Amino acid sequence: MIKRVLNGIWDIRWVIIALFIMISFIASTIQDFVNKDYDSGFNNLMIVLLLIQVILLLWFRADAEKLINIQDEIIDLQDEVIKQNEKLIAE
């Protein structure tokens, strides 16, 4: 059980690291806006938005790859059914 949880955490380690980085930049952005250092605040905000975009793109790419794999499996199964039908027709 614990090993499965640790493997799950290890699989998403880069997402966890990116989230910690985003939290750090968000805290820095808030601190910069409070201190009225708007240039640094907007720079940090742009970095956070860029990290969010990268994470979303990676997530959607992973979903697309899963769909492509499922589609390939469906095509393989259809090929098997066609071969079985050809054998039955030939008999």
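Residues numbered from 1 in each chain as written. Predicted model: local features only at pLDDT ≥ 70, side-chain atom pairs only at ≥ 80, totals over all residues. Heavy atoms only, no water.

Peer 1: Provide a residue-level description of the overall build of the protein chain, including the pertinent values.
Peer 2: A count of helices and strands for the protein chain gives three helices and zero strands. Sequence-ordered secondary structure for the protein chain, helices as α and strands as β, is α-α-α. A globule of 91 residues ought to have a C-alpha radius of gyration of about 12 Å, yet the protein chain, at 24 Å, is considerably larger. Principal-axis analysis of the C-alpha atoms places the extent of the protein chain at approximately 85 × 35 × 10 Å. (Helix = DSSP H or I, 4+ residues; strand = E, 2+ residues; numbered from the N terminus. Rg over C-alpha atoms; globule rule 2.2 N^0.38 Å.)

Peer 1: I'd like a description of a nonpolar patch on the surface, backed by residues and values.
Peer 2: Together, Y38, F42, L45, M46, L49, I52, L56, W59 and F60 line one region of the surface with nonpolar side chains, adding up to about 890 Å² of accessible area. As for its placement among the helices and strands, Y38 is situated in helix α3 (residues 38-90). On the basis of relative accessibility, which here comes to 43%, the residue Y38 falls in the partly exposed class. (Patch = residues over 30% accessible without salt bridge, like charges linked within 9 Å, V, L, I, M, F, W, Y side chains within 5 Å. Areas by Shrake-Rupley, 256 points an atom, 1.4 Å probe, with all protein chains shown as cover. Salt bridge = Lys/Arg side-chain N within 4 Å of Asp/Glu carboxyl O. Buried < 20%, exposed > 50% of the residue type's maximum accessible area, 1.4 Å probe, protein only.)

Peer 1: Would you mind going over the packing of aromatic side chains in detail, with residue names and values included?
Peer 2: Taken as a whole and assessed by the stated rule, the structure comprises three aromatic pairs. On the numbers, 6.0 Å between centres and 40° between planes, the contact of F33 with Y38 is tilted. Each ring, one from W59 and one from F60, has its centre 5.9 Å from the other, and the planes form 5°; the classification is stacked. For W59, a relative accessible area of 53% corresponds to the exposed category. Pairwise contacts between aromatic rings join F33, Y38 and F42 into one cluster. (Phe/Tyr/Trp six-rings, centres within 6.5 Å; stacked < 30°, edge-to-face > 60°.)

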